[in-house]
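Observations on the model geometry
Residue-level listing of the chains:
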Amino acid sequence: MEIRLSPRASIFWDNSGAPFVHFYGLDRSGGWGGILRLPNWKAVAREILPHLPEVDDVDDALAQLEELRAVFIEIGDILLALAQQRSSLLYEICGMGNASVDSVRAIWLAHRHQTTTQAAKREITKRRRYQFNRERDVLMLRLIESGVPYVCAIDGCPVSEDLTIDHVLALSRGGADELENLRFLCQPHNSEKGDRDA
Ligand SMILES: [Zn+2]
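Calculation notes
- Residues numbered from 1 in each chain as written.
- Predicted model: local features only at pLDDT ≥ 70, side-chain atom pairs only at ≥ 80, totals over all residues.
- Heavy atoms only, no water.
- Helix = DSSP H or I, 4+ residues; strand = E, 2+ residues; numbered from the N terminus.
- Contact = heavy atoms within 4.5 Å.
- Areas by Shrake-Rupley, 256 points an atom, 1.4 Å probe, with all protein chains shown as cover.
- Donors = N, O, S within 2.8 Å, 3.2 Å for Na, K, Ca; no water.
- Tetrahedral: all angles 85-135°; square planar, octahedral: opposite > 155°, others 65-115°.
- Buried < 20%, exposed > 50% of the residue type's maximum accessible area, 1.4 Å probe, protein only.
- Phe/Tyr/Trp six-rings, centres within 6.5 Å; stacked < 30°, edge-to-face > 60°.
- Expected span 1.5 Å × (residues − 1).
- Bend = angle between axes of the 7 residues up to and from the residue.
- Polar contact = N/O pair within 3.5 Å; in protein donor to acceptor, adjacent residues only side chain to side chain.

A separate point is the overall build of the protein. Counting secondary structure elements, the protein contains six helices and six strands. Each helix and strand of the protein, placed in order from N terminus to C terminus, yields the pattern β-β-β-α-α-α-α-β-α-β-β-α. Pairs at least 24 apart in sequence give 52% of the contacts found in the protein among residues at least 6 apart. As presented, the protein carries roughly 12100 Å² of accessible surface, and 52% of it is formed by carbon and sulfur atoms.

If you want it as structure tokens, here you go:
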């Protein structure tokens with residue numbers, strides 16, 4: 001039995017009964033994904049199933065549908081979310097052709113973890129920059145007081161005006177505002193360095 005999940009995918013069962021997802025091109029329309037979301041989906045399915053040539057036993061097909069409905073909806077949601085984002089991940093998954101439900105779920109979870117991890121990292125770095133900017137003048141004085149000359153730290157660079165404070169271990173990588181991690185850089189050398197560590 002094969003069930004259309006969304007415009008892009010169907011779910012079907014191999015001979016051992018394991019569910020697989022089969023991905024189509026982008027232009028097929030599908031009905032089951034929508035039907036499975038209806039509150040009265042079972043009544044609708046019971047009317048449709050007897051007309052499908054691949055269904056021998058309506059009760060058996062309905063039992064399979066009921067058992068795997070959560071999986072249909074989950075995978076359908078994943079594909080819909082990816083389609084709405086026009087995600088390149090969708091094309092990656094579609095390129096797999098027949099894929100096990102578990103592998104689609106694993107790819108999606110890895111993608112979601114990566115996305116949320118990056119967002120958390122950006123947020124933390126933003127707060128750290130704000131905190132550092134508030135302390136900048138104090139840190140500059142403390143650097144000078146500790147004996148660091150007010151000149152660009154790059155060998156041979158003579159600039160000693162409008163210096164910036166640079167984090168040797170980059171702030172975006174967890175570099176602290178400790179004097180040992182700070183040095184003076186001229187503006188060109190600081191922008192050349194960007195977010196990298198020295
Ligand atoms: Zn310089």
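A separate point is the side chain of Asn 190. In this fold, Asn 190 is placed in helix α6 (residues 187-193). In this view, Asn 190 contacts Thr 164, Ile 165, Asp 166 and Leu 185; residues no more than four positions away in its chain are not counted.

On to the coordination of the zinc ion. Coordination sphere of the zinc ion, protein contribution only: Cys 152 (SG), Cys 157 (SG), Cys 186 (SG) and His 189 (ND1), at 2.0 to 2.3 Å. Each of the four donor atoms around the zinc ion contributes to a set of angles spanning 100 to 118°, which defines the coordination as tetrahedral. Each donor residue of the zinc ion belongs to the same chain, and together they define the spacing C-x4-C-x28-C-x2-H. Of this pair, Cys 152 sits in the loop between α5 (101-145) and β5 (164-167) while Cys 186 sits in the loop between β6 (182-185) and α6, and the two are 34 residues apart along the sequence. Comparing Cys 152 with Cys 186 shows no difference in burial state: the two are buried.

For any two aromatic rings, the description comes down to two numbers: the centre-to-centre distance and the angle of the planes. Across all of its chains, the model carries one aromatic pair by this definition. The interplanar angle of 70° and the centroid separation of 5.1 Å between the aromatic rings of Tyr 150 and Phe 184 together place this pair among those described as edge-to-face. Of the two residues, Tyr 150 sits in the loop between α5 and β5 while Phe 184 sits in strand β6, which places them 34 residues apart along the sequence. Looking at Tyr 150, the relative accessible area reads 32%, which means it is partly exposed. Phe 184 sits in the buried class, given a relative accessible area of 1%.

For helix α3 (residues 58-84), with 27 residues, the first-to-last C-alpha span of 34 Å runs short of the 39 Å given by 1.5 Å per residue. Largest kink in α3: about 55°, centred on Leu 68. Looking only at α3, the buried set comprises Ala 61, Leu 62, Leu 65, Leu 68, Val 71, Phe 72, Ile 75, Gly 76, Ile 78, Leu 79 and Leu 82. Of the residues flanking the start of α3, the one acting as N-cap is Asp 57, its side-chain oxygen 3.0 Å from the backbone nitrogen of Asp 59. Arg 86 lies just past α3 and shows a positive phi near 50°.

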